[in-house]
Amino acid sequence: MGCQHQPHAEHSVHLNVTVDCEEIRSHIDVADRIGTLRNITHAFNQGCYDMVLDYGSRAQTDYRYKQFSVLRETSSIFLPDGMLTEYVLESYERGFLTFLLSASHYQLNNPEGSRVELRRLDHEIITPLYNYGEDPINILLGAVMWETLDEPDESRVDWNRLSTQHERHAPVAKFASNRMHAIDAGKGATGPWSIHAVGRFPGGYWDLPFTGST
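Read on for a plain summary of the structure. (Residues numbered from 1 in each chain as written. Predicted model: local features only at pLDDT ≥ 70, side-chain atom pairs only at ≥ 80, totals over all residues. Heavy atoms only, no water.)

**Quick look at the side chain of Asp-158**
Thought 1: Within the secondary structure, Asp-158 is located in helix H8 (residues 152–162).
Thought 2: Among the polar contacts listed, one links the side chain of Asp-158 to the side chain of Arg-161, at a separation of 3.1 Å.
Thought 3: Sequence-distant contacts of Asp-158, defined by excluding residues within four places in its chain, comprise Asp-122, Ile-139, Gly-142, Ala-143 and Trp-146. (Helix = DSSP H or I, 4+ residues; strand = E, 2+ residues; numbered from the N terminus. Polar contact = N/O pair within 3.5 Å; in protein donor to acceptor, adjacent residues only side chain to side chain. Contact = heavy atoms within 4.5 Å.)

Dropping the structure here:
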């Protein structure tokens, strides 16, 4: 099937995506955990779904748990907390990474693989690890993916979770409630979903006064 003729325009797009993917792959260093996570997201945005599944699955396993070392723990007494400890995924990062894997499976026409990752996302949301936390954005992404997979009953569970976010996210809670009522009435989504980010994350300033570094 990969040898079938395609129109020139489609072939050009595919060629560009391949070039972009190889460029991203050349910058991935799995020892650099933050950089790898950033490149996985960049790969998804560029349509490099095979790469997302490859490195995302590895990060999902390797970056999940803390690995303790007597030498590192002893040395950290004299250094800022966490400087010698390898970065581990926060709960919202585990959830978002799982969503990227699910969406990548979907883009590669593997709906069953997408469902498997979405069920893993449900597990990640409630897993009582040391950095446990429920992030409403991941719940929203899960709800949309279940609807995209034509699983309204599954999506209703996530819409129900979002409908309780009244104090912090009132517009989202109202939207989720309306979506629940529509599902109960047997009304499916009227078109493809599109999620937009509004605004920007606040900047961060890190100061270590005792070393004079910024």
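**Structural notes on the packing of aromatic side chains**
Thought 1: Following the criterion strictly, the structure yields five aromatic pairs and no others.
Thought 2: Geometrically, the ring pair formed by Phe-44 and Tyr-49 is edge-to-face, given 5.6 Å between the ring centres and 70° between the ring planes. Each of the two residues, Phe-44 as well as Tyr-49, counts as buried.
Thought 3: Where Phe-175 meets Trp-193, the ring centres are 6.1 Å apart and the plane angle is 75°; that geometry is what we call edge-to-face. Placement of the pair is Phe-175 in helix H9 (residues 170–184) and Trp-193 in the segment after H9, with a sequence separation of 18 residues.
Thought 4: Residue Phe-175 is classed as partly exposed on the basis of its relative accessible area, which comes to 42%.
Thought 5: Following the ring pairs from residue to residue traces out a cluster consisting of Trp-159, Phe-175 and Trp-193. (Phe/Tyr/Trp six-rings, centres within 6.5 Å; stacked < 30°, edge-to-face > 60°. Buried < 20%, exposed > 50% of the residue type's maximum accessible area, 1.4 Å probe, protein only.)

**Quick word on the state of the cysteines**
Thought 1: Taken as a whole and assessed by the stated rule, the structure comprises one disulfide.
Thought 2: Across a sulfur-sulfur distance of 2.0 Å, Cys-21 and Cys-48 are joined as a disulfide pair. An S-S torsion of about -100° defines the bridge between Cys-21 and Cys-48 as left-handed. Taken together, the positions of Cys-21 in helix H1 (residues 8–26) and Cys-48 in the loop between helix H2 (33–45) and helix H3 (49–62) put the pair 27 residues apart, joining distant regions of the chain.
Thought 3: Residue classification places Cys-21 among the buried residues on the basis of a relative accessible area of 11%. (Disulfide = S-S within 2.5 Å.)

**What to know about unusual backbone geometry**
A negative phi angle characterises most non-glycine residues, just as the trans form characterises most peptide bonds.
Thought 1: Here the phi dihedral of Asn-109 falls at roughly 60°; this positive angle occurs in a residue that is not glycine.
Thought 2: A relative accessible area of 69% places Asn-109 in the exposed class.
Thought 3: Of note, the phi angle at Asp-150 is positive, near 60°, even though the residue is not glycine.
Thought 4: Of note, Asp-150 is situated in the loop between helix H7 (136–148) and H8.

**Section: the pattern of salt bridges**
Thought 1: Inspection of the entire model under this criterion finds 10 salt bridges.
Thought 2: Residue Arg-25 pairs with Glu-22 through a salt bridge whose shortest N-O separation is 3.8 Å. Taken together, the residues Arg-25 and Glu-22, both in helix H1 and three residues apart, mark about one turn of the helix.
Thought 3: Taking the relative accessible area as the measure of exposure, Glu-22 reaches 45% and is therefore partly exposed.
Thought 4: Close ionic contact of Arg-161 with Asp-122 constitutes a salt bridge, the shortest N to O distance being 3.6 Å. In this pair, Arg-161 sits in helix H8 while Asp-122 sits in helix H6 (residues 111–126), placing the two residues 39 residues apart along the sequence.
Thought 5: Residue Arg-161 is classed as partly exposed on the basis of its relative accessible area of 22%.
Thought 6: Sharing partners across several salt bridges, the network here consists of Glu-22, Arg-25 and Asp-54. (Salt bridge = Lys/Arg side-chain N within 4 Å of Asp/Glu carboxyl O.)

The values reported here are purely geometric and, on their own, carry no functional implication.
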